[in-house]
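Listed here are the chains, written in short residue letters.
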Amino acid sequence: MGKKRSWVWEYAKRKGDKAYCQLCDEDENNEYSCVGGTTGSIIRHLKIIHKVYQPETSTSKRLSSSNNLEEIDTLQDTDSLTNSQSSSSSSNNSFTQPSQHNIIPRKRRRFLTHDNDTDRKCSPERTETIHKALAKLISMNQLPLSFCSSPGFYQFMAVVEPNYKIIKEEALKKRLHFFKSSIEEKIRSDLKAVQSVVCTSDCWSSLAQNSYITITAHALNNDWSPMSFTLTTQEMEERHTALNIADKLENVFSNWEIKDKVTTVITDNAKNVVNAVQLVSNTTNDNISDVTCAAHSLQLSINKALREDSISEILDQSSKLVGHFKHSNLAKQSLLNKQKQLGMPETSLLQSCKTRWNSIFLMLEHIFKNRCLISAVMADRSVTSTHIAQKFEISEHQWLKIEALVFLLKPFQVITSFLCGEKHSPTSMVRPLLKKLLDNHLKPQDNDDQSITYFKQTIIFDIKERFNLEWDSKSRVSVRQIASFLDPRYKNLDHEPLFERENIRSSVINLLNNIETDAHNVNTRCEPSLQQSALEFLYGDDVTEVNNLTTEFQNYLAEPQLKFHLNPFDWWKSRENKFPRIGILAKKYLSIPATSVSSERCFSTAGNVVNSKRTSLLTKNVNLLVFLYQNRNLIP
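Residues numbered from 1 in each chain as written. Predicted model: local features only at pLDDT ≥ 70, side-chain atom pairs only at ≥ 80, totals over all residues. Heavy atoms only, no water.

(A) The arrangement of the overall build of the protein in detail. On a plain count of helices and strands, the protein comes out with 26 helices and 10 strands. Out of the 636 residues belonging to the protein, those deemed buried represent 46%. Counting only contacts in the protein whose residues sit at least 6 apart along the sequence, the fraction spanning at least 24 positions is 71%. Taken as a whole, the protein presents about 34,600 Å² of accessible surface, with 49% of it coming from carbon and sulfur. (Helix = DSSP H or I, 4+ residues; strand = E, 2+ residues; numbered from the N terminus. Buried < 20%, exposed > 50% of the residue type's maximum accessible area, 1.4 Å probe, protein only. Contact = heavy atoms within 4.5 Å. Areas by Shrake-Rupley, 256 points an atom, 1.4 Å probe, with all protein chains shown as cover.)

Shown next as structure tokens:
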């Protein structure tokens with residue numbers, strides 16, 4: 001009778017003089033010495049890691065067989081850890097576990113071994129560090145609060161830090177609120193240090209039909225660096241009337257102690273929101289300017305021009321064609337195969353959406369780029385039937401109009417994307433860019449057909465009306481015009497009519513006369529040297545004439561205009577001492593963003609938080625999670 005085979009080999013396999021555990025993943029660490037047939041190391045591994053013991057062995061024998069093992073304490077209740085063991089066991093498909101062996105359900109315990117006594121301990125300090133890191137992870141990745149109690153997280157921490165005691169949900173909320181308080185303190189400190197604040201606002205409804213209003217603050221700090229903070233995303237139970245929205249705005253401004261600093265509120269073109277800003281302005285000492293979102297206004301002009309019958313017909317036919325490729329997997333795959341054969345990017349067609357800017361342009365552009373491939377798919381009777389091909393056919397005349405529309409809409413897509421970029425785009429850029437758009441891209445051409453001519457005439461007229469590009473005797477100098485003059489890239493006002501430029505400069509001078517500056521702001525901000533003090537003594541009062549407002553204004557006009565692609569904030573940072581009064585005004589107007597996209601992006605975050613699986617999330621928790629994610633760069 002041969003030597004009896006050890007029970008260990010039901011769970012391990014041998015290669016040469018090494019043993020490999022079949023319960024573990026095969027990696028470089030899954031290796032145990034088995035020289036001379038000794039199975040002690042693999043037995044210890046099975047006991048410590050997998051809680052697998054020799055069959056028919058009592059508890060006392062099992063404890064005595066592992067003489068280098070000491071059980072410390074139990075960190076997890078039996079039910080949760082049984083689920084974790086079950087999940088771990090079901091994921092291993094490399095072997096079939098024998099049913100006759102007595103396998104004790106795995107419990108999460110802390111063990112000390114002779115090799116890593118100190119490594120296996122999780123001190124209170126490290127536990128708190130992991131708690132905070134987990135709270136930061138949930139904040140920055142928009143994860144649910146229940147993430148810390150998920151089976152996957154249990155298994156992950158069992159590998160990373162087996163001795164870590166999983167944080168409870170209420171304790172996790174405390175860390176999140178601590179982060180929120182810390183961020184609020186930083187934001188208050190930054191807003192307190194600036195002289196003026198600009199806010200953007202928008203409203204949104206979640207999948208749970210809860211209505212929210214978000215408010216974002218913008219400012220330029222002392223180093224001329226743009227700052228943007230999401231102040232709140234709170235539920236709005238009242239009707240969205242102008243009075244109710246105005247009350248919300250005032251309450252937020254008061255809570256953040258910026259009521260006297262808010263100079264402008266950027267909103268969309270909805271009448272109730274525009275009227276709400278006017279109501280807020282009437283209740284404050286200073287007149288709060290209302291500036292509508294440039295991108296939203298531009299999109300309204302585009303939509304109006306696209307209502308022409310022949311253009312509308314093309315858009316409807318194009319949308320149906322895209323819908324066919326979206327619903328027919330055979331047609332979609334055939335298009336992707338043809339793109340691959342020709343070495344083209346493998347991209348699906350895009351459907352237009354009324355609430356998404358530039359989506360019509362993107363739909364037409366993708367269709368036109370894939371024109372030949374689409375025609376080939378529609379002509380292939382093994383893919384597309386005759387009835388479907390005739391139903392979604394686009395005529396040659398329509399293809400020519402699609403090409404013309406792509407050419408016309410391209411500049412609008414570029415300017416919208418630029419104004420809505422992540423980096424701060426001041427409102428000073430709006431009028432100069434619109435002037436270039438009208439002069440360089442919308443001029444009538446001799447070969448334009450009736451629909452294209454209508455499109456150009458309609459959009460030109462609507463843009464001029466919405467942005468007040470036409471000057472008349474009743475026109476007032478706008479916020480955008482003043483901002484353009486204070487922007488060193490457009491200070492010569494080349495984009496404005498000659499007779500209007502002087503009115504803008506006069507308005508700026510009137511604003512400068514109202515600025516109260518002390519000697520610290522007017523004169524140089526550095527301590528004068530002994531030589532400067534001596535010269536001031538000799539010149540007497542004449543030295544102040546150099547820094548009077550008229551001289552400062554003329555010197556600013558004499559400065560060469562900055563190139564359009566350079567950073568205006570760097571220019572002002574280096575010349576703030578040279579033009580102190582104008583610098584104060586420039587910091588106020590150049591902090592005004594061109595769009596309200598920062599608030600609208602906030603609702604993309606809110607949509608990820610309040611998704612279809614989390615519609616019951618409390619509104620206060622929605623505000624907490626959105627606030628932390630939007631201001632995640634401030635999390636300590």
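(B) Here's a closer look at the sheet that holds strand S8 (residues 226-235). With respect to topology, 5 strands assemble into an open sheet ordered S8-S7-S6-S9-S10, the strand pairing being mixed. Each end of this open sheet is capped by a strand with a single partner; those strands are S8 and strand S10 (289-292). Direction aside, the axes of adjacent strands within the sheet are offset by 25° on average. Pairing analysis gives 9 bridges linking strand S7 (residues 211-220) to S8, with the strands arranged antiparallel. Paired with threonine 214 across the bridge in S8 is threonine 233. (Pairing = 2+ DSSP bridges. Axes fitted to C-alpha atoms, helices over the stretch in contact; angles between N-to-C directions.)

(C) Seen up close, helix H10 (residues 309-327). Its 19 residues place the ends of H10 27 Å apart at the C-alpha level, agreeing with the 27 Å of an ideal helix rising 1.5 Å per residue. Inspection of H10 places Ser310, Ile311, Ile314, Leu315, Gln317, Ser318, Leu321, Val322, Gly323, His324 and Phe325 among the buried residues, and these make up the whole buried set. (Expected span 1.5 Å × (residues − 1).)

(D) Highlighting the side chain of histidine 495. With respect to the helices and strands, histidine 495 occurs in the loop between helix H18 (479-486) and helix H19 (498-513). Of note is the side chain of histidine 495, whose polar atom sits 3.5 Å from the side chain of glutamate 496. In this structure, histidine 495 is in contact with Arg431, Pro432, Lys435, Ser484 and Tyr490, ignoring residues within four places of it in sequence. (Polar contact = N/O pair within 3.5 Å; in protein donor to acceptor, adjacent residues only side chain to side chain.)

(E) Molecular detail of the nonpolar core. In this structure, Tyr164, Leu172, Ile187, Leu231, Phe253 and Ile258 are the most contacted members of the largest nonpolar core, which totals 61 residues. The next biggest cluster of nonpolar side chains, apart from the first, holds 48 residues, and it includes Phe325, Met363, Phe412 and Leu434. (Core = buried A, V, L, I, M, F, W, Y, C linked by side-chain atoms within 4.5 Å.)

(F) Molecular detail of the environment of leucine 330. Tracing the backbone shows leucine 330 in helix H11 (residues 329-341). Along the chain, leucine 330 and threonine 384 lie 54 residues apart, while their C-alpha atoms are 8.6 Å from each other. Once you skip the residues sitting within four places of it in the chain, leucine 330 turns out to touch Ser382 and Val383.

(G) Expanded view of unusual backbone geometry. Even without glycine at this site, tryptophan 224 takes up a positive phi of about 60°. Counting through the fold element by element, tryptophan 224 comes out in the loop between S7 and S8. Taking the relative accessible area as the measure of exposure, tryptophan 224 reaches 2% and is therefore buried. A positive phi angle is found at asparagine 468, which is not glycine, with a value near 50°. Here asparagine 468 lies in the loop between helix H17 (450-466) and H18.

(H) Main features of helix H8 (residues 271-282). The end-to-end C-alpha separation of H8 is 17 Å, in line with the 16 Å expected for 12 residues at 1.5 Å each. Considered for burial, the residues of H8 that qualify are Val273, Val274, Ala276, Val277, Val280 and Ser281. For H8, the angular spread of the buried residues around the axis is 155°, confining them to a single face. In H8, the exposed positions angled more than 90 degrees off the buried face are occupied by Lys271 and Asn282. Here the buried face of H8 lies against helix H7 (242-255), strand S9 (262-267) and S10. (Arc of directions from axis to C-beta.)

(I) Structural detail: the state of the cysteines. Applying the stated rule across the entire model yields 0 disulfides. No disulfide involves cysteine 420; its nearest neighbouring cysteine sulfur is the one of cysteine 293, lying 6.0 Å away. Relative accessible area serves as the criterion here: at 11%, cysteine 420 is assigned to the buried category. (Disulfide = S-S within 2.5 Å.)

(J) Focus on the packing of helix H15 (residues 396-419) against H17. It is the contact of H15 with H17, at a shortest axis distance of 11 Å, that shows an interaxial angle of 20°. By the criterion of interaxial angle, the relationship of H15 to H17 is roughly parallel. When you trace H15 past H17, the crossing you get is right-handed. Contacts from Lys401, Ala404, Leu405, Leu408, Leu409 and Phe412 in H15 reach Ser451, Ile452, Phe455, Lys456, Ile459 and Ile463 in H17. Split into classes, the residues belonging to the contact of H15 with H17 amount to 9 nonpolar, 1 polar and 2 charged. (Parallel < 35°, antiparallel > 145°, perpendicular 65-115°, else oblique. Left-handed = near helix turned anticlockwise from the far one by under 90°. Nonpolar A, V, L, I, M, F, W, Y, C, P; charged D, E, K, R; others polar.)

(K) The packing of aromatic side chains, seen in detail. Applying the stated criterion across every chain yields a total of 14 aromatic pairs. Residues phenylalanine 178 and phenylalanine 179 carry aromatic rings whose centres are separated by 6.1 Å and whose planes lie at 50° to one another, so their mutual orientation is tilted. For phenylalanine 178, a relative accessible area of 47% puts it in the partly exposed group. The aromatic ring of phenylalanine 627 is capped on one face by lysine 180, whose charged end is 5.0 Å from the ring centroid. It is lysine 491 that lies over the ring of tyrosine 556; its NZ or CZ is 5.4 Å from the centre. (Phe/Tyr/Trp six-rings, centres within 6.5 Å; stacked < 30°, edge-to-face > 60°. Lys NZ or Arg CZ within 6 Å of the ring centre and 35° of its normal.)

(L) Quick peek at the pattern of salt bridges. For the structure on display, the rule yields 19 salt bridges. Here lysine 173 and glutamate 170 are joined by a salt bridge, their closest N and O atoms 3.8 Å apart. Placement of both lysine 173 and glutamate 170 in helix H6 (residues 169-192) is noted, with a separation of 3 residues, approximately one turn of the helix. Between glutamate 396 and arginine 371 there is a salt bridge whose closest N-O contact spans 2.5 Å. One end of the pair, glutamate 396, is in helix H15; the other, arginine 371, is in helix H13 (residues 371-379), with 25 residues separating them in the sequence. Judged by its relative accessible area of 47%, glutamate 396 is partly exposed. Overlapping salt bridges bring together Lys304, Asp462 and Arg466 as one network. (Salt bridge = Lys/Arg side-chain N within 4 Å of Asp/Glu carboxyl O.)

(M) Spotlight on a nonpolar patch on the surface. A grouping of Phe156, Val159 and Val160 is seen on the molecular surface, where their side chains present a nonpolar patch of about 320 Å² in accessible area. With respect to the helices, strands and loops of the structure, valine 159 is situated in helix H5 (residues 151-160). (Patch = residues over 30% accessible without salt bridge, like charges linked within 9 Å, V, L, I, M, F, W, Y side chains within 5 Å.)

(N) Local environment of the environment of alanine 208. With respect to the helices and strands, alanine 208 occurs in the loop between strand S6 (197-205) and S7. Residue class for alanine 208 comes out partly exposed when judged on its relative accessible area of 27%. Sequence separation of alanine 208 and serine 612 is 404 residues, and the distance between their C-alpha atoms is 8.6 Å.

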